[in-house]
Each structure stands twice: as C-alpha cells, then as structure tokens.
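Observations on chain architecture
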Amino acid sequence: MKRQWLLFALLLIAPGTALGEKVSDIIVIVNINNSGSVQFATPKAINRLFSNHLLTWPDQTPVILYDLPPEHPVRLRFSESIMKMSASKVAQQWAHLKITNQATNPPLTMKHEHAVLRKVARQHGAIGYVSRNALTHSPYSSQIKTLYLIPLLPD
Amino acid sequence: MNMAFSRPPHRILQLGLAITLLAAPAWVHAEDRVDRIERMLERMQQRVDELSRENQQLKMQMEKNSGEASAAETVQNTTAEAPSIAEESATATPMQSDNTQMDQLNLRIEQLETKQEEIATSVESDVKVGGYATVEYRATNQPNPNSNFRVRHFSLFYSKDVTPEWELFSEMEFEDAPFFESLHTDNKTAQTMQGKFLVEQMYIRYHPELDWDLITGRFLTPGGIWNVYHYYPFVPTQERPFMVRVLYPQYSDGLQLRNLFQFDSGQLESHLYVANGGGNPGKLDRNVSKAVGGRLNFAPELDINLQFGASLYRDNDNTNTVRTTSGLHMQLHNNDFGIQAEFARRHNAPLNGNSFFDVSAYAQLTYDINKWTVAGRYDWYNLDSLTPLSDRYRYTGALNYHFNHNIVAKIEYNRNRLTTPGLKSYHEVIAAITMAIGGY
C-alpha cells in the first residue's frame, strides 16, 4: 500500500503527468479575415483587449474574447505572460464583475482548445489563445491567423 | 438548538426555493448534454487525426512504390503494366477506404458540433441562476452576542437576456437564515420574524451597445468601490468597512445611465442616477425630493492595473436633512500585490438643527502567495464632527485560502477601538467559508 502511494506521488510530480505537464508555445489567434487585428500584435494590446479596455476592432466589429478554464496549463501561461496576474486572480476579478453585472464584455470560457479554435475560425471578431500543438493539428488552422506567439520559457 | 429548524418555512421562501429547483435542473441537464457532446467531439477529432497521419504514411509509401516501379519498367517489358495496375489497386484500396472513413468522421464531427452549438445557445438563452453563500463562526470578547455560528448569506441571482438588448437582473438575499411564521391568530402580523429577506437588486436593463446602458429598478448605489464590489467570495474580509451602506445608501430605486469611454490614455466609466433616496420602501417615496448621484472611474493605460475615481450623492431624506456625500477611491493591482482605499465625507444639514459632517476612510493591502491571500486593513469613521470622541477605528488582519477562484476559506481578526465614552473596545475573530455558484 505504501509503495502504491509513493508511486502515485512520484507520478504526480514527474514530467509529462498532470502537474508536471508542459505546454508548447502559446499562440494568440484571430480570424483569418480580421485584417485590422495586425496593430494588436503586442502583449500590451492583447492585455487591453482581454481587460475590456478595447471593445471593438478598427472596423467596429465587436471583440469576442475566448478563455480557457482557469486551471488549464495554456491559460496559466497566457495569464502570466499577457495579463501579468495569475489565472486564478484574473478569474476572480471577472467573477466579481459578472456577479455584480458590471462586466461589459467578459471572456467566454471554453473547456477545450478545439472549441476555441472552432469559435475563432467561425467568428470574425473572435480572439483566443491555444498551444501551438493544438493549432498545428486543427482542421480550422486555414481559417485562423497568428496574432502573437508566447514562447515557451526555458526550464 | 433552535426549534425553528424543525418547522416548515414561510410561503415566500417556498416560492423562491421552488423557482430555483425548477430552473436549476433544466439548466444543469442541458450543461451535462453539452459536456457529453464535447467529449464525443474530442474523441472523434483524435480519430480523424490518427487517420490523417496513417493516410500521410500510406501516401509516402505509395510514392516510394511508384518510384521503384517506374525505375523497374526501364529494364523490363511493358507486360509488367498489368501486375503494376494490380499492385496499385491493391495499395490504393486501403487509402481510399481511409479517405472515405475520414470524410464520414468529418461529417459526423460537423453534425455534432452543430448540435453542441444549438444546445449551448439554448442553455445561454435560459434563465441564469447564480449566487453565493457564506457560513461564519464568530468569537468575540463582547458579552453580547455570544460566540456563534452564523448562517450569514445566501444570495440568489436570476438574470435573463430576453433579447440581445434587454435584460432582467435580480438579486435576492436571505441573510441569517430568515424565518417568518404566523400563528394565524390574525391575518396581519407575523408572530415570529428572524433574519433578513431582501430584494437587494431588481432592474430592467437596456443595452443596445457595449459601451452604454440604461437601467431602471433597484440597483446598488454606485458610490466608491465596496458599495458595489462587495461579494464575499471575492473580498478578503467578512466585515465590511465602516462607510459602506452608511455614507452611500446600500441600494437605490430609480434610473441609472452607465457609459464607457475609451481613450488612448485609458478608459473612463461613468454612472449617473436619480432615485427615491435612502430609507424608502420599494413601493413609494416618503418625501417629494429625489436623490441624485454620479460616479466616475478612470483606468489609465499603464503596465500596472490601476483605477481611481470620485463619487457624489445628494438627497433630502425623510428626516428633512439634506445629505451630500463626496468621495474618492483608488485600486491598484501589480502582480501579487494589491491596494484598495476609499475616503468619503458627508455633509448633513437638518432643517432644524446644526449641520455636521461624518467622515470615513479605509486603506487595505493584500498580497497573494499561490492559493493564499494575506490582507490588512485600517478603517476609521468619525460619526459627528460636532461631537468630540465620536471616532471608531478597526484594525483588521486576514488570511484567505482559495480552493479555487470562487471557493474561499477566511480567517480574520478585528480589533475595534471606540472612543465614545461608555462604549468598550472589543476584539473579534471570524472564520468563514464562502462560495459562488452559477458560472462565476
């Protein structure tokens, strides 16, 4: 029994398992037809979009924001790099805005990267973020363009 | 233990519970279906990816075989053509079969995704039910009340986007486990009343654009920060600062216009409202004048998350006292560090009597360490500028553990210092668990 618990604990912390999971580069993505998005290809501009400081694209199309769940490893990296806050803290702030009905344009949370890719491929004003792996193997990759790449940090 | 727990609740509470029970299962059931379809889509997509890779490998093998076959043809006669055709047919069949299978799978994925979107749209168009709950244990060195468990909050939010432009939003609060019962000796009075049941918000919202909306009904009075942003899963303490619900009314029944202005330098949010004023029931205004107020909040474009602003509220209330509150607020988050501070001063001018001010201010620091938040707050309230020794001070230290972003355990210590003669200073420890439900 002890050996089983030890093995379980080792598996938890070993690379490649749930807690030791690494993500590839993270790509911030927009719809292929969103020509005005090129001026937002910086971390600061993306932060403004995901903070509701910008509500429309240059062509007045409403911005539609897509998030992954707060515990998703891709979101953890996105939050650290772009939002400069932990994913949990960002989620708390959005939750507080939503529960008070003061949120103007809150992100829509999708459970899987595939769902984010599909939404961005089909909606002109959509913006989201996924891992490079997910984008490479996606059937929607031809309808999506990369806005910004968040590189993998070295160990 | 209170015998009241064994008695059935009042009909108002039964109605609220019935609405929740009717709405919640349908919403949860639809969410379950969306989850199942999403999992199926994941498995289908994985299968498509596998077949795609196999297809790629088969193509490469075919090209290799074709290359070898044409090299062989230069030294052999053309009678090899028939076997070559037979060979090509034999290798082409598995690839064609995989292509057909892949096309079918792609079509099936498309159908499932369409169904998933229809269900998701249906879920979104349902009445949204959410809320939060808090249970506390309070220990104090005051003689009254005794240290106690407290079933403090149970708030339910119902909202619905009736059309893309029109929304109904409501918040019903059941504080301290309300209990009302009549012995039916007459048809007017409740014999037993405990706790509080309050319609804290109920408004109709018109929002044709993202950057402005008009709401009418009962809404939280937009003054400062904590008067609006006070929900217990998302604030570090159970005790609220002194000024909250005192210098601005807790809620207002009236009309409010909200605007959002985007500039290169930042974002400005404005609230303007007119209302019946504090101390009035939902049915009527007990005096002829209306309360007016406004709030501005500016968030500059900086690398740190900063916002600051000012609020104003004026009312000639039911005691014929003109009360004018003005305040400043600020909030800053930088990585794991946060500061929140407010100041408000109210001028009170009774019709018969001397004018006086009451003033309050607080400053709160927070620091996040992974799932923990450490918080400290200094709070001060001067009740009456004309009366010496009318100050209250509270020094708070708090520790929060976030199980996730909407479930929090808290422990806080409050030292309350009262300068008014005859009132004793006291200490208080509060342990609490609080959670939000419903997609927050």
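Calculation rules
- Residues numbered from 1 in each chain as written.
- Chains lettered and ligands numbered in written order.
- Predicted model: local features only at pLDDT ≥ 70, side-chain atom pairs only at ≥ 80, totals over all residues.
- Heavy atoms only, no water.
- Helix = DSSP H or I, 4+ residues; strand = E, 2+ residues; numbered from the N terminus.
- Buried < 20%, exposed > 50% of the residue type's maximum accessible area, 1.4 Å probe, protein only.
- Contact = heavy atoms within 4.5 Å.
- Areas by Shrake-Rupley, 256 points an atom, 1.4 Å probe, with all protein chains shown as cover.
- Pairing = 2+ DSSP bridges.
- Patch = residues over 30% accessible without salt bridge, like charges linked within 9 Å, V, L, I, M, F, W, Y side chains within 5 Å.
- Salt bridge = Lys/Arg side-chain N within 4 Å of Asp/Glu carboxyl O.
- pLDDT = per-residue confidence, 0-100.
- Polar contact = N/O pair within 3.5 Å; in protein donor to acceptor, adjacent residues only side chain to side chain.
- Buried area = accessible area lost by both parts, 1.4 Å probe.
- Nonpolar A, V, L, I, M, F, W, Y, C, P; charged D, E, K, R; others polar.
- Core = buried A, V, L, I, M, F, W, Y, C linked by side-chain atoms within 4.5 Å.
- Phe/Tyr/Trp six-rings, centres within 6.5 Å; stacked < 30°, edge-to-face > 60°.
- Axes fitted to C-alpha atoms, helices over the stretch in contact; angles between N-to-C directions.
- Parallel < 35°, antiparallel > 145°, perpendicular 65-115°, else oblique.

1. Side note on the overall build of chain A
- Of the regular secondary structure elements, chain A holds six helices and five strands.
- Ordered by position from N to C terminus, the α and β elements of chain A give α-β-α-β-α-α-β-α-β-α-β.
- Each of the 155 residues in chain A was classed as buried or not, and the buried ones make up 52%.
- Counting contacts in chain A only where the partners sit at least 6 residues apart, residues at least 24 apart contribute 67% of the total.
- Total accessible area on chain A stands at roughly 7500 Å², and carbon and sulfur atoms take up 61% of it.

2. What about helix α5 (residues 113-122) of chain A?
- Burial within α5 of chain A is extensive, with nine of its 10 residues counted as buried.
- By the burial criterion, the buried members of α5 of chain A are Glu 113, His 114, Ala 115, Val 116, Leu 117, Arg 118, Lys 119, Val 120 and Ala 121 of chain A.

3. Things to note about the sheet that holds strand β2 (residues 64-67) of chain A
Residues and elements named next belong to chain A.
- If you walk across this open sheet you meet the five strands as β3-β2-β4-β1-β5, and the pairing is mixed. The open sheet terminates on both sides in strands that have one partner only, identified here as β3 (108-109) and β5 (144-150).
- Of the strand pairs in this sheet, β2 and β3 are connected by two bridges, and their pairing is parallel. Looking at the pairing, Tyr 66 lines up with Leu 108 of β3.

4. Brief notes about a nonpolar patch on the surface
Residue and element names in this part refer to chain B.
- On the surface, Phe 337, Leu 365, Tyr 367, Ile 369, Trp 372, Val 374, Leu 399, Ile 411, Tyr 413 and Val 429 cluster together into a nonpolar patch covering about 860 Å² of accessible area.
- Contributing elements (two or more residues each) for the nonpolar patch: β12 (356-369), β13 (372-382) and β15 (407-418).
- For the nonpolar patch, the element with the highest residue contribution is β12, accounting for three residues.
- Mapping Ile 369 onto the fold places it in strand β12.
- According to the relative accessible area criterion, Ile 369 is partly exposed, its value standing at 43%.

5. Let's talk about the confidence of the model for chain B
Residues and elements named next belong to chain B.
- Confidence in the prediction of chain B, expressed as mean pLDDT, is 83, and 77% of residues score 70 or more.
- Within the model, pLDDT remains below 50 along residues 1-10, and this stretch shows eight contacts once partners closer than five positions in the same chain are excluded.
- With pLDDT under 50 throughout, residues 12-28 is counted as low confidence; its partners more than four residues away or in other chains account for 16 contacts.
- The ipTM for the predicted assembly is 0.78, set against a pTM of 0.77.

6. Some points on the pattern of salt bridges
Residue and element names in this part refer to chain B.
- All chains considered together, the criterion is met by 20 salt bridges over all chains.
- The partner of Arg 150 in a salt bridge is Asp 176, and the shortest N-O contact between them spans 2.7 Å. Pair noted here: Arg 150 is in strand β2 (residues 148-161) and Asp 176 is in strand β3 (residues 166-181), with a separation of 26 residues, a long-range link.
- Residues participating in the shared-partner salt-bridge network are Glu 136, Arg 138, Arg 152, Glu 239 and Glu 428.

7. Some thoughts on the side chain of Thr 373 of chain B
Residues and elements named next belong to chain B.
- If you trace the backbone, Thr 373 turns up in strand β13.
- Accessibility expressed as a relative area gives 5% for Thr 373, which makes it buried.
- At 2.7 Å, the side chain of Thr 373 and the side chain of Asp 368 are in polar contact.
- Residues in contact with Thr 373, not counting those within four places in the same chain, are Thr 366, Tyr 367, Asp 368, Ala 398, Leu 399, Asn 400 and His 402.

8. Here we look at unusual backbone geometry
- Residue Asn 101 of chain A is not a glycine yet carries a positive backbone phi of 60 degrees.
- Relative to the elements of secondary structure, Asn 101 of chain A occurs in the loop between α4 (87-99) and β3.
- Its identity as a non-glycine residue notwithstanding, Asp 176 of chain B has a phi of 60 degrees, on the positive side.
- Look at Asp 176 of chain B and you get partly exposed, because its relative accessible area is 29%.

9. Focus: the interface of chain A and chain B
- In this assembly, 34 residues from chain A lie in contact with 45 residues from chain B.
- Regarding the contact of chain A and chain B, the summed buried area is about 3500 Å², with carbon and sulfur atoms giving 49% of it.
- When the buried area of chain A at its contact with chain B is split by residue, His 96, Ile 99 and Asn 101 of chain A rank highest and sum to 20% of it.
- Across the contact surface, chain A and chain B share two salt bridges.
- The partner of Glu 301 of chain B in a salt bridge is Arg 48 of chain A, and the shortest N-O contact between them spans 2.8 Å.
- Taken together, chain A and chain B are joined by 11 residue pairs in polar contact (both at pLDDT 80 or more).
- Those elements giving two or more residues to the side of chain A that touches chain B turn out to be α2 (43-50), α4 and α5 of chain A.
- Looking at the side of chain A that touches chain B residue by residue, the class counts come to 11 nonpolar, 14 polar and nine charged.

10. Some points on the pairing of strand β16 (residues 426-437) of chain B
All names here are of chain B.
- Only one face of β16 is buried, namely the one carrying Tyr 426, Glu 428, Ile 430, Ala 432, Thr 434 and Ala 436, since none of His 427, Val 429, Ala 431, Ile 433, Met 435 and Ile 437 on the opposite face is buried.
- Pairing between strand β1 (residues 128-140) and β16: 10 bridges, direction antiparallel. If you follow Arg 138 over to β16, its bridge partner there is Ile 430.
- Here 10 bridges tie β15 to β16, and the two strands are oriented antiparallel to one another. Along β16, the bridge assignment pairs Val 408 with Thr 434.

11. Concerning the nonpolar core
- Counting residues in each nonpolar core, the largest one holds 40 residues, and the members touching the most others are Ile 29, Phe 78 and Ile 127 of chain A.
- Dropping the residues within four chain positions of it, Ile 29 of chain A is found in contact with Val 116, Leu 117, Val 120, Ala 126, Ile 127, Gly 128, Tyr 129, Val 130, Leu 135, Ile 144, Lys 145 and Leu 147 of chain A.
- Of all hydrophobic cores here, the second largest spans 29 residues; its members include Tyr 232, Val 235, Phe 242 and Ala 344 of chain B.

12. What to know about the packing of aromatic side chains
All names here are of chain B.
- Under the counting rule described, the total for this entry stands at 24 aromatic pairs over all chains.
- When the ring of Trp 166 is compared with that of Tyr 206, the centres are 4.7 Å apart and the planes differ by 40 degrees; the resulting orientation is tilted. Here the residue Trp 166 occupies a position in strand β3, and Tyr 206 occupies one in strand β4 (residues 192-209), the gap between them amounting to 40 residues.
- A residue is classified by how much of its surface remains accessible, and Trp 166, at 42% relative accessible area, is partly exposed.

13. Side note on the packing of α2 of chain A against helix α3 (residues 73-83) of chain A
Residues and elements named next belong to chain A.
- Taken N-terminus to C-terminus, the directions of α2 and α3 make an angle of 110 degrees; their axes are 9 Å apart at the nearest point. With respect to α3, the axis of α2 lies roughly perpendicular. Judged by residue contacts, Pro 43, Ile 46, Asn 47 and Phe 50 of α2 engage Phe 78, Ile 82 and Met 83 from α3.
- Looking at the contact of α2 with α3 residue by residue, the class counts come to six nonpolar, one polar and no charged.

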